[in-house]
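# A structural walkthrough
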Amino acid sequence: MQMNSEVLVHGIKESTGTFEGKAFSSTTFHCEVDMKENGAGRALGHVTRPFKLGDHTEFEKWKHLGPRLNDGPIRALATFEMEATREDGTKLVLVAIKPVAATNSATPAAPVKV
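What counts as what
Residues numbered from 1 in each chain as written. Predicted model: local features only at pLDDT ≥ 70, side-chain atom pairs only at ≥ 80, totals over all residues. Heavy atoms only, no water. Helix = DSSP H or I, 4+ residues; strand = E, 2+ residues; numbered from the N terminus. Buried < 20%, exposed > 50% of the residue type's maximum accessible area, 1.4 Å probe, protein only. Phe/Tyr/Trp six-rings, centres within 6.5 Å; stacked < 30°, edge-to-face > 60°.

The phi angle at Glu20 is positive, at roughly 50°, despite the residue not being glycine. The topology assignment puts Glu20 in the loop between strand E1 (2-19) and strand E2 (22-34). Classification of Glu20 by relative accessible area gives exposed; the value is 71%. Positive phi values are uncommon outside glycine, yet Glu87 reaches one of about 50°. With respect to the helices, strands and loops of the structure, Glu87 is situated in the loop between strand E4 (74-84) and strand E5 (90-99).

This next bit is on the packing of aromatic side chains. By the definition in use, this model includes two aromatic pairs. For the pair Phe51 and Phe80, a centre-to-centre distance of 5.2 Å together with 65° between the ring planes defines the contact as edge-to-face. Here Phe80 lies in strand E4 and Phe51 lies in strand E3 (residues 46-53), a separation of 29 residues in the sequence. The pair Phe51 / Phe80 is uniform in exposure class, with both members buried.

Here you go:
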């Protein structure tokens, strides 16, 4: 099941290398999410969560937006897929993301609910 959501991207990280003889390559998007209140206490504000997408070449598509990230998060349209996990759980997997054109609007994107 796929769903689209407008998100705020706070950071993008490229990773390449080898670990225990295996090559790895990925791009991680750090998107804003709401903090959840729980039995241990209340919460205010937002945090970011990492979502991996593709290989390190995905970073090149966003590299030119680096200066905009210095001014705050970038609005983007993301496509997530919901996947089943152990013990009746679910997780969101990022399958596509593209920046939204910059506007003068002060309206922020809605954070991703996880």
